[in-house]
Structures are given as C-alpha cells and as structure tokens.
Amino acid sequence: AQSVAQPEDQVNVAEGNPLTVKCTYSVSGNPYLFWYVQYPNRGLQFLLKYITGDNLVKGSYGFEAEFNKSQTSFHLKKPSALVSDSALYFCAVRDVGKLIFGQGTTLQVKP
Amino acid sequence: EAGVTQSPTHLIKTRGQQATLRCSPISGHTSVYWYQQALGLGLQFLLWYDEGEERNRGNFPPRFSGRQFPNYSSELNVNALELEDSALYLCASSLKYSNQPQHFGDGTRLSIL
C-alpha cells in the first residue's frame, strides 16, 4: 500500500533562515508526490508536485522540493523563511485517484 | 478563474439527522474528490467521482454517500449522523489525468451536537 510519513509534528525556524519540512514515502511503482499548505480555517493550497524528470521541483511562493529515490524522500525546502509561511504542511502521494496524506507538519516561523 | 466552492461553510446537526454538503469544481475539471479532516485523524479520503461515476471509495460506512451531477458539481450525503462525524469536509477537483494536482475548496465544517 502507498503511504507517506512526516516525521516531525512541528518545525521551528527563524525568519530569514532556510527551512526544511521532511517527507518520506513508500510506494509500489513510480510515485506521484505532492505538497500542500493549509492556513487556519482554510482548505489546502497546492504548492508543487513531482511526477517525473528533474529531482528538484520548484513550486509556488518560493518553495521547492527535492525528490530522492534512494532515500525515498521528498523534502520541502525554502531558502529564506517568512513569518507568513507559518502554517500546516502536508505531503501526499497519489493512489488510484485519491491522495494519501501524511499527518502534517506545523511550521512556525518566528520573527 | 473561480476556485472550488463549497456550501454551506458551517453546518450544525444533531445525532441521527442527515447532512448534505455541496461542491462546485473548477471549470473544466471533471473529477471531484471528498475528504474528511477530523481532529486527531488527519486527512482521510472519502469518495472520488469522475464524469458522473463513483471511481473509488475510502474506508467509510455506507451512510456516507454522494453523487456527481452532469455539470460535474457534487453532493456528499451523510445519514444517521454520529458525534464522530464532526469534522471539516473538504472537496477537491482536478483534470482527469492522474498526474494533475487536486485543488481544494475551503471546506464545510460539520458539527454534530
């Protein structure tokens, strides 16, 4: 069965510093991987996807993610964090139409 | 371009009642998905509709059902409501192909008293 795991419930980073939110996956076949962000009382906003091709994927709002097949990871990164990046982040893998989500990581960016 | 719209924003029901949640997809999207986001349980897949047909169903009891209309909008119906059905219900839409991202609405907050 397909699954993703986000090993950190919360990540704290200072504004201006680089940030990483971790995700590992377990799939049979080629993975279709996604990152989403959720702000309070809102739905999920799509950030980026990996389907095939370059291992470094660039997305919205300056975010990028690195696909690593040998480590089965798809970590979300940003070179310089903003306070407004503080939110709940979800990694997901596509499986027969549906998305299977990780448990989510709360990102806290402090001024 | 209008995003995915869901109605109502909030819905308050009592145990045993029935709830109907509605979703309008992004124009041109034929697939609609429903997810439940319950406290402590994360995001769980409920249903997937494409071109009017149910394509996949998550591990939920039969009292959770839905349909998709010819204009691709969708309804989620929950019968015999239980307290644990209290959650945020999110609808998403996408183009037909599996490599396309799903785009989400802001959800319907269902509270069971």
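Since this is a predicted model, take the numbers as computed values, not measurements.

**A short note on the nonpolar core**
Residue and element names in this part refer to chain A.
Phase 1 of the analysis: In terms of nonpolar packing, the biggest core is built from 27 residues, with Leu-33, Trp-35, Leu-47, Leu-48, Phe-74, Leu-76 and Tyr-89 touching the most fellow members.
Phase 2 of the analysis: Mapped onto this core, the elements with two or more residues apiece are strand S2 (10-14), strand S3 (19-21), strand S5 (33-38), strand S6 (44-50), strand S8 (64-68), strand S9 (73-78), strand S10 (87-95) and strand S12 (105-110).
Phase 3 of the analysis: A per-element tally of this core places S10 first, with four residues.

**A short note on the pairing of S2(A)**
Residue and element names in this part refer to chain A.
Phase 1 of the analysis: Residues Val-11 and Val-13 point to one face of S2 and are all buried, whereas Gln-10, Asn-12 and Ala-14, pointing to the other face, are not buried.
Phase 2 of the analysis: Relative to S12, S2 runs parallel, the two sharing five bridges. Residue pairing across strands places Gln-10 opposite Thr-106, the latter belonging to S12.

**Looking at the sheet that holds strand S1 (residues 5-7) of chain B**
All names here are of chain B.
Phase 1 of the analysis: Reading across from one edge, S1-S3-S8-S7 is the order of the four strands in this open sheet, with antiparallel pairing throughout. The open sheet has two edge strands, S1 and strand S7 (64-68), and neither has a second partner. Looking at each pair of strands side by side, their axes are set apart by 15 degrees on average, direction ignored.
Phase 2 of the analysis: Examined bridge by bridge, S1 and strand S3 (residues 19-24) share three bridges and lie antiparallel to one another. What sits directly across from Gln-6, in S3, is Cys-23.

Quick notes on the rules
Residues numbered from 1 in each chain as written. Chains lettered and ligands numbered in written order. Predicted model: local features only at pLDDT ≥ 70, side-chain atom pairs only at ≥ 80, totals over all residues. Heavy atoms only, no water. Core = buried A, V, L, I, M, F, W, Y, C linked by side-chain atoms within 4.5 Å. Buried < 20%, exposed > 50% of the residue type's maximum accessible area, 1.4 Å probe, protein only. Helix = DSSP H or I, 4+ residues; strand = E, 2+ residues; numbered from the N terminus. Pairing = 2+ DSSP bridges. Axes fitted to C-alpha atoms, helices over the stretch in contact; angles between N-to-C directions.

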